[in-house]
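# Architecture at a glance
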Amino acid sequence: MNASTIPEKELVAVILYISLFFIIVAIILIVFFYFSRKKIIQKELEKKDLVLQYQKEQLHAIILTQEEERKRIAQDLHDDISSKLNIVSLNSHLLTSPNLTEAETIEITENIIALTSKALENSRKIAHNLLPPVFEKFGLNAGVEELCEEFESSKAVKVYYKNEIDFDENEIDRHLHVFRILQELMNNSLRHGKATEIWIAFKIIDEINTCHYEDNGVGFDSQNIENQKGLGMKNIDSRISFLNGTIKINSEINHGIAVMFTF
């Protein structure tokens, strides 16, 4: 009888040990998955925080850009339009002065006409900078063509432009962001890059609208993140974000800049 009970006890012990083993393994797995899940959730939260921080920086850049644009417009209006209109007003009062000779009257009148014409011309330029009429009426392709002509009129730079995309006129709001990106890039090429040649090309690559931009300017070290923190670059990043696009910038000192962005 003792011979038969011993195996039973051993069997029970084995079962208990196996059960205990699986319980311990189960507890270890539960703890592991708990901490793994906690770590995943923490990383997701950190990622969301980074996204929120990036969005805040973009919003801050947009606000700063808008404020800079308002200041520029206000300065143009004050320094140019306002000053000319003040002189027109003074000249108009002079016309009411007694004993004016015919020659003086003609001279004052000509001054008023000339100043008024200049004020009108400059007000058109201010309005044009806000939203070019050609872009508004004929779309992105015509707007970029005119932009290239304007830069070339300075005789400081030659622009080569090629377009292979039939732009949808119903997407003019999106295209305005593309136009502003090119404006910013071209201004940087001329002002900071000292470029004498610029190349712009619109293409469809893998069914995605793509813009290739290059210049032969002085370039910069694109590996240095400080070079990509300027207000202009933040503004470009914000517009790319609105377009749900991507942007890649390559540059080396004395080797110009190459930019590819999608929209």
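Everything below is about the structure shown above.
A short tour of the structure in this document, coming up.

Procedures and definitions
Residues numbered from 1 in each chain as written. Predicted model: local features only at pLDDT ≥ 70, side-chain atom pairs only at ≥ 80, totals over all residues. Heavy atoms only, no water. Helix = DSSP H or I, 4+ residues; strand = E, 2+ residues; numbered from the N terminus. Buried < 20%, exposed > 50% of the residue type's maximum accessible area, 1.4 Å probe, protein only. Contact = heavy atoms within 4.5 Å. Areas by Shrake-Rupley, 256 points an atom, 1.4 Å probe, with all protein chains shown as cover. Disulfide = S-S within 2.5 Å. Pairing = 2+ DSSP bridges. Axes fitted to C-alpha atoms, helices over the stretch in contact; angles between N-to-C directions. Expected span 1.5 Å × (residues − 1). Phe/Tyr/Trp six-rings, centres within 6.5 Å; stacked < 30°, edge-to-face > 60°. Lys NZ or Arg CZ within 6 Å of the ring centre and 35° of its normal. Salt bridge = Lys/Arg side-chain N within 4 Å of Asp/Glu carboxyl O. Core = buried A, V, L, I, M, F, W, Y, C linked by side-chain atoms within 4.5 Å. Lys, Arg positive; Asp, Glu negative; His and termini not counted. Polar contact = N/O pair within 3.5 Å; in protein donor to acceptor, adjacent residues only side chain to side chain. Patch = residues over 30% accessible without salt bridge, like charges linked within 9 Å, V, L, I, M, F, W, Y side chains within 5 Å.

### Re the overall build of the chain
Of regular secondary structure, the chain possesses 6 helices and 5 strands. Taking all 263 residues of the chain together, the buried fraction comes to 26%. Taking all contacts inside the chain whose residues are at least 6 apart in sequence as the whole, residues at least 24 apart take part in 66%. Per element, the accessible surface of the chain, about 18300 Å² overall, is 59% carbon and sulfur.

### Observations concerning the state of the cysteines
Scanning the entire structure with this criterion turns up 0 disulfides. Unpaired in terms of disulfides, Cys-211 finds its nearest cysteine sulfur in Cys-148, a separation of 9.9 Å. By relative accessible area, which is 0% here, Cys-211 ends up buried.

### A word on the sheet that holds strand β5 (residues 257-262)
Taken in spatial order, the 5 strands of this open sheet run β1-β2-β3-β5-β4, and their pairing is mixed. Edge strands, defined here as strands with exactly one partner in the open sheet, are β1 (158-163) and β4 (247-251). In this sheet, neighbouring strand axes are inclined to one another by 10 degrees on average, regardless of whether the strands run parallel or antiparallel. Note: β4 against β5, 5 bridges, orientation antiparallel. Counted as the bridge partner of Lys-248 is Met-260 from β5. Running over the sheet, helix α4 (residues 140-152) touches β1 and β2 (197-205) and is turned about 170 degrees from β1.

### Focus on helix α5 (residues 172-191)
The end-to-end C-alpha separation of α5 is 28 Å, in line with the 28 Å expected for 20 residues at 1.5 Å each. All of the buried residues along α5 are His-175, Val-178, Phe-179, Arg-180, Ile-181, Leu-182, Gln-183, Leu-185, Met-186, Asn-188 and Ser-189.

### Considering the packing of aromatic side chains
Applying the stated criterion across every chain, the model contains 10 aromatic pairs. With centroids separated by 5.6 Å and ring planes inclined at 70 degrees, the aromatic side chains of Phe-21 and Phe-22 adopt a geometry described as edge-to-face. Seen from their ring centres, Phe-167 and Phe-263 are 6.3 Å apart, and the 25 degrees between their planes marks the pair as stacked. One end of the pair, Phe-167, is in the loop between β1 and α5; the other, Phe-263, is in the segment after β5, and 96 residues separate them in sequence. The residues Phe-167 and Phe-263 share a single accessibility class, namely buried. Every member of this aromatic cluster is reached through a ring pair, and the members are Tyr-161, Phe-167, Phe-202, Phe-261 and Phe-263. Above the ring of Tyr-160, the side-chain terminus of Lys-158 is found at 5.9 Å from the ring centroid.

### Quick word on the pattern of salt bridges
Overall, the coordinates contain 2 salt bridges when judged by the stated rule. Lys-158 is the partner of Glu-152 in a salt bridge, and the nearest nitrogen-oxygen pair spans 3.4 Å. Residue Lys-158 is classed as partly exposed on the basis of its relative accessible area of 41%. Here Glu-164 and Lys-162 are joined by a salt bridge, their closest N and O atoms 3.4 Å apart. Look at Glu-164 and you get partly exposed, because its relative accessible area is 44%.

### Concerning the nonpolar core
If you look at the biggest cluster of nonpolar residues, it comprises 30 residues, and the most contacted ones within it are Met-186, Ile-200, Phe-202, Tyr-213, Phe-261 and Phe-263. Counting residues per element, this core draws most heavily on α5, at 6 residues.

### A few points about the side chain of Asp-215
Along the chain, Asp-215 turns up in strand β3 (residues 208-215). No salt bridge is formed by the buried Asp-215; its nearest oppositely charged neighbour, Arg-191, is found at 12 Å. At a separation of 3.0 Å, a polar atom in the side chain of Asp-215 contacts the main-chain amide nitrogen of Gly-217.

### Quick notes on a nonpolar patch on the surface
Taken together, the side chains of Ile-23, Ile-27, Val-31, Tyr-34 and Phe-35 present a nonpolar region at the surface, about 500 Å² in accessible area. Secondary-structure assignment places Tyr-34 in helix α1 (residues 2-94).

The values reported here are purely geometric and, on their own, carry no functional implication.
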